[in-house]
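Observations on the model geometry
The chain contents come next:
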Amino acid sequence: MSERNLNILNRFNILYLEDDKSLLTHTKDILDDFVAKVYAVNTSKEALEILKTKKVDVIISDILLENENGIDFLRNLKDSEHLNIPAILTTAHTDTKYLLDAIKLKVENYIVKPINIKELLNTLHDVLFPIIQSEQIEKNSNIIKTISAITDSKQVEVVKYIIGNLDDENLLHASYSEIMSEISISKPTLIKLFKDLASKEILVKVAHKTYRFNEKALDLI
């Protein structure tokens, strides 16, 4: 298999549940260099608090915690809004029962301690890469739908720029001048494009140099 591109990890947040404080600190320090944010906790109670207030893309949890069980923690999440968060289990044991429980929970992967950092990073990549692919497919679909909503094919690059520079809240922060510095397009043509998109409620101005990309409007095209 070709070498994985671990740079894709830098936009994701990790919740890491481990009762061994030394291991927790050591692994967190390494993960901090690769991911956006690591929420490192010792108990499921702390983990639940993080899930209530923070965006978490993947959960890494030890199976045998002090006075509790990581599998039970993940199982309890099945009845909550956090059901679809992928999970990776770690354990110092290879007991078949744990493996079967992990399979039943549809846990994405299972890592035996001592944790091999390269294996952990590769596992995170394999778990999160499908999310990147899915988002790219959706972006490409949005580009096609948006292009069909406008008449001038010369504006395609601007549409790609808009969609490629949206933040997590589907907001574009850019001025006409900034866009024109990236793309060879006249200001009248650019203004016309923005007006066309605004008339179809695809791109809505919410503040100075700030526009919201309205995906729902694409469904009406």
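For the structure itself, consult the block above.
Below is a short write-up of the structure. All values reported here derive from a predicted model rather than from experimental measurement. (Residues numbered from 1 in each chain as written. Predicted model: local features only at pLDDT ≥ 70, side-chain atom pairs only at ≥ 80, totals over all residues. Heavy atoms only, no water.)

1. Re the packing of aromatic side chains
Using the criterion set out here, one finds two aromatic pairs in the structure. Ring centres 5.3 Å apart and planes at 90° place the aromatic pair Tyr176 and Phe194 in the edge-to-face group. Here the residue Tyr176 occupies a position in helix α7 (residues 176–182), and Phe194 occupies one in helix α8 (residues 187–199), the gap between them amounting to 18 residues. The exposure class assigned to Tyr176 is partly exposed, which follows from its relative accessible area of 25%. When the centroid spacing of 5.0 Å and the interplanar angle of 75° are considered together, the rings of Phe194 and Tyr211 count as edge-to-face. Placement of Phe194 in helix α8 and of Tyr211 in strand β10 (residues 210–213) is noted, with a sequence separation of 17 residues between them. In this structure, Phe194 and Tyr211 share a single accessibility class: buried. Joined through ring pairs, the aromatic side chains of Tyr176, Phe194 and Tyr211 make up one cluster. (Phe/Tyr/Trp six-rings, centres within 6.5 Å; stacked < 30°, edge-to-face > 60°. Helix = DSSP H or I, 4+ residues; strand = E, 2+ residues; numbered from the N terminus. Buried < 20%, exposed > 50% of the residue type's maximum accessible area, 1.4 Å probe, protein only.)

2. Some words on helix α1 (residues 21–31)
Regarding α1, the residues found buried are Leu23, Leu24, Thr27 and Leu31. All buried residues of α1 project into a common sector of 100° when viewed along the axis, lining one side. Away from its buried face by more than 90 degrees, α1 exposes Lys21 and Ser22. By the N-cap criterion, in which a side-chain oxygen at the helix start approaches the backbone nitrogen of a residue two or three places on, α1 is capped by Asp20, the distance to Ser22 being 3.1 Å. (Arc of directions from axis to C-beta. Polar contact = N/O pair within 3.5 Å; in protein donor to acceptor, adjacent residues only side chain to side chain.)

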